[in-house]
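Topology and contacts: notes
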Amino acid sequence: MEKLKIVAIVGSLRKDSYNRQLAATAKKMVNDIAEFELLDYADIPLFNEDIEFPTPKSVKRVREIVKSADGIWFFTPEYNHFFSGVLKNLIDWLSRPISKNEAQVLKGKPAAVSGITPGMSGTGIAQDHLVTLISFLNMNVMNSPRLTIPNALQQINKDNRLELTDSTPYLQKQADAFINFIQSKRF
Ligand SMILES: Cc1cc2nc3c(=O)[nH]c(=O)nc-3n(C[C@H](O)[C@H](O)[C@H](O)COP(=O)(O)O)c2cc1C
């Protein structure tokens, strides 16, 4: 059977981002069933209608990758009880149709939402805002389970690498649920 394709969008550009490391852990969990591509979007410009057409190359590339996905898995940090500006900028670009004949690329895509933070909130408030946005864009959101991991430092080793312990079963549960969710929307 052909593998599903999951595209992971991490809302942090930080090299050692805990959310990026969480995505890398999730990748190992779905490896047998799904191809898992981490979207690299650090090179897209700030959205500005003056530069929307012709579409910048970096935006075209990112759009094509998102278009090819069977599901999008968001890994969001929390900045001031919101998701990050870079993620909003990316979604604003993706929300614009490529041409008059084509729908925007997020429409109908299955979406899962996770996040990790050193603080207590576990990114729950940021996730709520993100879900409002992606629902407005008609993504097919898996509302349950979502994954919020607070107190990240308890699962970070001395080299600042994420080593999930307590949260492992919850991430696995979400990974399995998302695969099933994508498959149920596909057939
Ligand atoms: C501008 C800014 C605002 C932040 N606001 C919050 C917040 O509201 N809640 C929270 O739990 N952590 C907050 N943090 C801490 C982030 O959760 C922390 O920096 C985290 O490591 C960012 O995610 P990353 O590791 O994936 O880059 C904030 C960090 C920054 C830089």
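Right above here is the structure, for reference.
Anyway, here's the lowdown on the structure attached to this text. Not measured: the values here are computed from a predicted model.

Considerations on the packing of helix H3 (residues 85-94) against helix H4 (residues 124-136)
Put simply, H3 and H4 touch, their axes get as near as 12 Å, and they point 5° apart. Taken as axis vectors, H3 and H4 run roughly parallel relative to one another. Residues Leu87, Lys88 and Ile91 of H3 form the contact with H4, whose participating residues are Leu130, Leu133 and Ile134. Classifying every residue of the contact of H3 with H4 gives five nonpolar, no polar and one charged.

Overview of the site of the ligand
The immediate surroundings of the ligand are formed by 13 residues, with Ser12, Arg14, Ser17, Asn80 and Thr117 found nearest. In the model, an oxygen atom of the ligand is placed 2.6 Å from a nitrogen or oxygen of the Ser17 side chain. Between Glu78 and the ligand, the recorded distance is 3.0 Å, taken from a side-chain N or O atom to a nitrogen atom. Burial of the ligand by the protein chains amounts to 70% of its free accessible area of 620 Å². Split into classes, the residues belonging to the shell around the ligand amount to four nonpolar, seven polar and two charged.

Some remarks on H3
All of the buried residues in H3 are Leu87, Asn89, Leu90, Ile91, Trp93 and Leu94. Looking at the buried positions of H3, the neighbouring elements they touch are strand E1 (4-10), helix H2 (57-67), strand E3 (71-75) and H4.

Digging into the pairing of E3
Counting buried residues in E3 gives five out of five residues, a clear majority hidden from the surface. Neither face of E3 is left uncovered, since the one carrying Gly71, Trp73 and Phe75 and the one carrying Ile72 and Phe74 both have all their residues buried. Bridge count for E1 against E3 is five bridges, and the pairing is parallel. Its bridge partner lying in E3, Ala8 is registered against Trp73. Bridge count for E3 against strand E4 (residues 110-116) is four bridges, and the pairing is parallel. For Phe75, the partnering residue across the bridge sits in E4 and is Ser114. Crossover handedness for the path E3 to H3 to E4: right-handed.

Conventions adopted
- Residues numbered from 1 in each chain as written.
- Predicted model: local features only at pLDDT ≥ 70, side-chain atom pairs only at ≥ 80, totals over all residues.
- Heavy atoms only, no water.
- Axes fitted to C-alpha atoms, helices over the stretch in contact; angles between N-to-C directions.
- Helix = DSSP H or I, 4+ residues; strand = E, 2+ residues; numbered from the N terminus.
- Parallel < 35°, antiparallel > 145°, perpendicular 65-115°, else oblique.
- Contact = heavy atoms within 4.5 Å.
- Nonpolar A, V, L, I, M, F, W, Y, C, P; charged D, E, K, R; others polar.
- Near = heavy atom within 4 Å.
- Polar contact = N/O pair within 3.5 Å; in protein donor to acceptor, adjacent residues only side chain to side chain.
- Areas by Shrake-Rupley, 256 points an atom, 1.4 Å probe, with all protein chains shown as cover.
- Buried < 20%, exposed > 50% of the residue type's maximum accessible area, 1.4 Å probe, protein only.
- Pairing = 2+ DSSP bridges.
- Right-handed = clockwise from strand over helix to strand, strands pointing away.

Keep in mind these values describe shape, not function.
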